[in-house]
Amino acid sequence: MKTCVSAILLSLAATGSVAADAPFTHQTVKARAQALAAEPYRERASRVPEWLQKINYDEYRNIRFAPDHAQWKGDANFHLQFFHPGFLYTKTVQIAEVKQGREKPIPFERQSFIYGQQLKLGEIPADMGFSGFRVHYPLNNPNYFDELIVFQGASYFRALGKGMRYGLSARGLALNTAQPGGEEFPVFEEFWIEKPAPKSKELVLHALLDTPTMTGAYQFQVKPGQETTIRVKATLFRRKGAQPGVLGVAPLTSMFWFGENSLDRAGDLRPEVHDSDGLSMERGNGEWIWRPLQNPNIVRTASFADENPKGFGLVQRDRQFAHYEDLEAAYHLRPSTWVEPIGAWGKGEVRLVEIPTPDETNDNIVAFWVPEKAPEEGQAVEFEYLLHWFIEGMGGKKNPGGVVVGTRTGTSRTHESDLQRFWVDFDGPLLRTLESDVEAVVEVGAGAKLVHQSVQKNTFNGTWRVAFSLRADAEKRPVELRCFLKKDAHYLSETWSNLWIP
């Protein structure tokens with residue numbers, strides 16, 4: 001994290017605009033963001049006509065973009081398609097193409113869309129804009145253009161690598177998530193997309209973020225592949241007179257309904273239903289942490305204090321189809337997303353928010369970085385990071401030892417039924433070579449007593465299982481748990497972290 005207020009930026013922002021003949025650069029977006037921050041927040045009026053706002057779900061579903069009208073079709077490896085406003089999408093974004101340093105607005109054109117016959121069309125203003133856009137790229141087949149990345153709604157976006165299905169989303173910024181008074185959802189109001197060279201394998205786009213508390217200038221460098229990466233540069237400005245509250249940087253949003261560690265499966269016939277099954281984190285001191293996700297009865301927040309974190313992400317670690325048995329949703333192909341900070345982010349915390357959900361239609365998991373200090377008025381704060389969208393690999397970076405591959409909990413009906421039992425399974429190349437002398441360290445926070453503990457190699461699959469039992473005290477307080485493997489003075493695994501509520 002660094003401050004970055006330059007004289008040229010201040011002079012541009014003072015006018016609230018950039019000279020008409022000035023070339024477009026990312027500095028242009030910074031100037032607009034800083035100018036907005038100096039003024040009171042004004043919600044932009046909807047350009048969507050009333051008749052479009054009143055159409056129903058089926059009518060909206062019947063409005064489709066005509067692929068032959070895709071921007072840059074035949075000119076580049078990337079094609080742009082746009083989302084039509086209407087139904088729930090009553091806010092629009094303005095999108096411009098940047099070519100040879102000049103920005104040119106992309107107008108809404110009715111002929112670019114195919115409308116269902118039952119829909120009675122009304123007037124559409126020429127400046128209505130779009131509800132979002134998606135980028136297509138020959139990701140899986142050189143002769144076919146697949147969806148690569150989508151921006152639609154507030155500051156949400158999601159991407160794919162080769163062979164993946166859409167799952168979790170990223171956001172530009174999170175504000176006051178799970179805080180009293182309600183969450184504030186920043187919005188990408190405008191986009192500028194640089195036209196790529198014909199054979200380019202990288203797409204660069206810019207976005208202007210606006211909200212009552214903050215403004216921001218964003219740059220995204222998208223590189224598709226087996227693992228798709230997005231390099232994000234975000235410059236944030238605190239709006240004059242606003243109190244920033246909890247600032248969430250590089251937020252990720254996912255869904256966890258139930259998994260192997262859940263006691264309640266709501267009668268569903270599938271073994272597990274989730275887009276992500278854990279929060280992974282590499283702390284600044286090199287410690288790796290794994291926190292299995294849960295669907296709690298109440299909103300829960302966990303914080304992991306750190307300094308200059310090396311990375312964190314929401315991960316779908318379980319990749320076996322038989323653990324989901326869902327031919328349509330294909331949860332085993334949902335991407336994991338890893339946030340890799342660029343530069344020193346200083347002190348702060350990775351925060352995990354888990355929200356109750358009654359089904360799989362709600363994103364109920366949020367993870368983000370909270371800096372120790374919020375930006376001051378008039379100060380620009382910059383965060384830069386890489387987003388890795390992957391199934392395996394994460395840029396070749398892996399925990400050098402063992403990783404948690406299973407978390408199970410329950411009770412015994414026949415023996416010491418008052419005890420809560422946990423099984424934590426670890427796996428990894430080094431662990432598979434060991435046959436003995438592996439020690440399990442189990443740490444139990446205030447509120448419970450460790451009654452039994454054992455570690456055993458699973459001869460059926462080569463993993464190591466730590467089994468332990470707890471007895472809660474009379475207060476039934478939430479209990480923090482930690483567990484890892486070691487051999488002599490050497491750590492063999494990441495640290496399993498969990499919250500048990502008796």
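The rules behind these values
Residues numbered from 1 in each chain as written. Predicted model: local features only at pLDDT ≥ 70, side-chain atom pairs only at ≥ 80, totals over all residues. Heavy atoms only, no water. Helix = DSSP H or I, 4+ residues; strand = E, 2+ residues; numbered from the N terminus. Rg over C-alpha atoms; globule rule 2.2 N^0.38 Å. Buried < 20%, exposed > 50% of the residue type's maximum accessible area, 1.4 Å probe, protein only. Contact = heavy atoms within 4.5 Å. Phe/Tyr/Trp six-rings, centres within 6.5 Å; stacked < 30°, edge-to-face > 60°. Lys NZ or Arg CZ within 6 Å of the ring centre and 35° of its normal. Pairing = 2+ DSSP bridges. Axes fitted to C-alpha atoms, helices over the stretch in contact; angles between N-to-C directions. Salt bridge = Lys/Arg side-chain N within 4 Å of Asp/Glu carboxyl O. Core = buried A, V, L, I, M, F, W, Y, C linked by side-chain atoms within 4.5 Å. Expected span 1.5 Å × (residues − 1). Polar contact = N/O pair within 3.5 Å; in protein donor to acceptor, adjacent residues only side chain to side chain.

**Quick notes on the overall build of the protein chain**
Counting secondary structure elements, the protein chain contains five helices and 34 strands. For 502 residues, the compact-globule estimate of 2.2 N^0.38 gives 23 Å, and the protein chain sits close to it at 25 Å. In terms of overall dimensions, the protein chain has C-alpha extents of about 75 × 55 × 45 Å along its principal axes. Residues classed as buried in the protein chain amount to 54% of the 502 residues present. Within the protein chain, counting contacts between residues at least 6 apart in sequence, those at least 24 apart form 66% of the total.

**Some points on the packing of aromatic side chains**
If you walk through the whole model with that rule in mind, you get 32 aromatic pairs. Aromatic side chains Phe188 and Tyr218 sit 5.2 Å apart centroid to centroid with 75° between the ring planes, which places their arrangement in the edge-to-face category. With Phe188 in strand β12 (residues 187-194) and Tyr218 in strand β14 (residues 214-223), this pair connects stretches of sequence that are 30 residues apart. We note that Phe188, like Tyr218, is buried. Here the aromatic rings of Phe422 and Trp496 are separated by 6.2 Å at their centres, their planes lie at 65°, and the arrangement is edge-to-face. Highlighted residues: Phe422 in strand β28 (residues 420-427) and Trp496 in strand β34 (residues 495-500), separated in sequence by 74 residues. Using a relative accessible area of 2% as the deciding quantity, one classes Phe422 as buried. Directly above the ring of Tyr166 sits Arg158, whose terminal nitrogen or CZ lies 4.4 Å from the centroid.

**Comments concerning the environment of Ala170**
For Ala170, the location among the structural elements is in strand β10 (residues 169-171). We classify Ala170 as buried; its relative accessible area is 1%. Once the C-alpha coordinates of Ala170 and Leu387 are considered, the two residues, 217 residues apart in sequence, prove to be 8.9 Å apart.

**Quick notes on unusual backbone geometry**
A positive phi is found at Gln100, a non-glycine position, where the angle reads about 55°. In this fold, Gln100 is placed in the loop between β4 (94-99) and β5 (102-105). Judged by relative accessible area, Gln100 falls into the exposed class, the value being 78%. A positive phi angle, close to 60°, is found at Ala178, a residue other than glycine. Structurally, Ala178 is set in the loop between β11 (173-175) and β12.

**Focus on the sheet that holds strand β27 (residues 403-410)**
Strand order in the open sheet formed by four strands is β27-β28-β31-β30, with antiparallel pairing between adjacent strands. The two strands at the open ends of the sheet, each matched to only one other strand, are β27 and β30 (448-457). Within this sheet the neighbouring strands show an average axis-to-axis angle of 15°, counted without direction. Inspection of the sheet shows β30 paired to strand β31 (residues 464-472) by nine bridges, in the antiparallel sense. Of the residues in β31, the one forming a bridge with Gln453 is Phe468.

**Some words on the pattern of salt bridges**
Tallied over the full model, the rule gives 35 salt bridges. Glu190 is the salt-bridge partner of Arg32, the closest N and O atoms lying 3.9 Å from each other. Note that Arg32 is positioned in helix α2 (residues 26-37) and Glu190 in strand β12, a separation of 158 residues in sequence. Classification of Arg32 by relative accessible area gives partly exposed; the value is 21%. The buried category is assigned to Glu190, whose relative accessible area is 17%. Among the salt bridges present, the one from Arg171 reaches Glu183, with a minimum N-O distance of 2.9 Å. One end of the pair, Arg171, is in strand β10; the other, Glu183, is in the loop between β11 and β12, with twelve residues separating them in the sequence.

**Some words on the pairing of strand β26 (residues 380-390)**
With eleven of eleven residues buried, β26 is to be regarded as a mostly interior element. Residues Ala380, Glu382, Glu384, Leu386, His388 and Phe390 of β26 are buried on one face, and the alternating residues Val381, Phe383, Tyr385, Leu387 and Trp389, pointing to the opposite face, are buried as well. Relative to β26, strand β15 (residues 228-238) is paired through ten bridges, and the arrangement is antiparallel. For Leu236, the partnering residue across the bridge sits in β26 and is Val381. Alignment of strand β23 (residues 336-342) against β26, held across seven bridges, turns out to be antiparallel. Following the sheet pairing, Glu340 is matched in β26 by Leu386.

**Some thoughts on the nonpolar core**
Grouped together as the largest cluster of nonpolar side chains are 80 residues, with contacts concentrated most on Phe133, Phe157, Tyr218, Phe220, Ile230 and Leu387. If one sorts the elements of this core by residue count, β26 sits on top with five residues. Not counting residues within four places of it along the chain, the set of residues in contact with Tyr218 comprises His26, Gly172, Leu173, Phe188, Leu205, His206, Ala207, Leu209, Val232, Lys233, Ala234 and Leu236.

**Let's talk about the side chain of His274**
For His274, the location among the structural elements is in strand β18 (residues 273-274). Contact partners of His274, with chain neighbours within four places excluded, come to Met255, Phe256, Trp257, Phe258, Gly259, Gln316, Tyr324 and Tyr331.

**Here we look at α2**
The end-to-end C-alpha distance of α2, which contains twelve residues, comes to 17 Å, matching closely the 16 Å that a straight helix rising 1.5 Å per residue would cover. For α2, the buried fraction is high: nine of the twelve residues fall into the buried class. For α2, every residue scored as buried is listed here: His26, Thr28, Val29, Lys30, Ala31, Ala33, Gln34, Ala35 and Ala37.

**With respect to the side chain of Glu227**
Residue placement: Glu227 occurs in the loop between β14 and β15. Since its relative accessible area comes to 18%, Glu227 is described here as buried. Polar contacts involving the side chain of Glu227 include one to the side chain of His388, which spans 2.7 Å.

**Notes on the environment of Pro85**
Looking at the element boundaries, Pro85 is found in the loop between β3 (79-83) and β4. Take Pro85: its relative accessible area is 0%, and that puts it in the buried class. C-alpha separation for the pair Pro85 and Thr25, spaced 60 residues apart in sequence, amounts to 28 Å. If sequence neighbours within four positions are ignored, Pro85 has contacts with Val48, Leu52, Tyr60, Thr92, Phe108, Met128, Gly129, Phe130 and Ser131.

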